[in-house]
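# A closer look at the structure
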Amino acid sequence: MIYITVYFLLTAVILYFVVRLLGAIRKMMKGVDTASEGIGHISENMAAVDEKLGTIRHSGAAWEFFAAWIIIFKIIKETLKNNKDDNLGRSFRKALIHNTRKISSIKL
């Protein structure tokens, strides 16, 4: 008689946890569905970005733009390096005077 009660309790506990497990799996699958929809939009956007980057890479203006940004960042870096000795305006003017050839090579 005691074995029947123990088996009944074990069966009830197992069924309870199986039902909870199935509920958790169903909830997780709903989350996967919403995530897959978001991933679809992201992949579409990535394809558009890749296409635009390809056109930028193959144009000659991209390299000029990149070179101009390198020159600008070098001037800013030199300005901040000299800022310890002088104020910001004076160190910026010094950096501009020092890099006049580079600045004149920038084509807008």
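Keep in mind the model is a prediction, meaning the values are calculated, not measured.

About the thresholds
Residues numbered from 1 in each chain as written. Predicted model: local features only at pLDDT ≥ 70, side-chain atom pairs only at ≥ 80, totals over all residues. Heavy atoms only, no water. Patch = residues over 30% accessible without salt bridge, like charges linked within 9 Å, V, L, I, M, F, W, Y side chains within 5 Å. Areas by Shrake-Rupley, 256 points an atom, 1.4 Å probe, with all protein chains shown as cover. Salt bridge = Lys/Arg side-chain N within 4 Å of Asp/Glu carboxyl O. Lys, Arg positive; Asp, Glu negative; His and termini not counted. Charge placed at Lys NZ, Arg CZ, Asp CG, Glu CD. Helix = DSSP H or I, 4+ residues; strand = E, 2+ residues; numbered from the N terminus. Buried < 20%, exposed > 50% of the residue type's maximum accessible area, 1.4 Å probe, protein only. Phe/Tyr/Trp six-rings, centres within 6.5 Å; stacked < 30°, edge-to-face > 60°. Axes fitted to C-alpha atoms, helices over the stretch in contact; angles between N-to-C directions. Parallel < 35°, antiparallel > 145°, perpendicular 65-115°, else oblique. Left-handed = near helix turned anticlockwise from the far one by under 90°. Contact = heavy atoms within 4.5 Å. Nonpolar A, V, L, I, M, F, W, Y, C, P; charged D, E, K, R; others polar. pLDDT = per-residue confidence, 0-100.

Taken together, the side chains of K74, K77, K81 and K102 define a basic patch exposed on the protein surface. Counting residues per element, the positive patch draws most heavily on helix α2 (residues 60-82), at three residues. Mapped onto the elements of the fold, K81 is located in helix α2. On the accessibility criterion, K81 (55% relative accessible area) is exposed.

On inspection of all chains with the given rule, the structure shows two aromatic pairs. Ring geometry for Y16 and F17: centres 5.3 Å apart, planes at 70 degrees, overall edge-to-face. Residue Y16 is classed as partly exposed on the basis of its relative accessible area, which comes to 47%. Ring centres 5.5 Å apart and planes at 35 degrees place the aromatic pair W69 and F73 in the tilted group.

Next up on the list: the packing of α2 against helix α3 (residues 88-98). Running from N to C, α2 and α3 cross one another at 135 degrees; their axes reach a closest spacing of 8 Å. In terms of orientation, α2 and α3 fall into the oblique class. Between α2 and α3 lies a crossing whose hand is right-handed. Where α2 abuts α3, its residues I75, E78, T79, L80 and N82 lie against L88, S91, F92, A95, L96 and H98. Residues that form the contact of α2 with α3 fall into these classes: six nonpolar, four polar and one charged.

Detailed conclusions should not be drawn from predicted coordinates in areas where pLDDT is low. Put simply, the chain has an average pLDDT of 82, and 94% of its residues get 70 or more. Summarising per-element confidence for the chain, the mean pLDDT is lowest in helix α4 (residues 100-104) (81) and highest in helix α1 (residues 2-57) (85).

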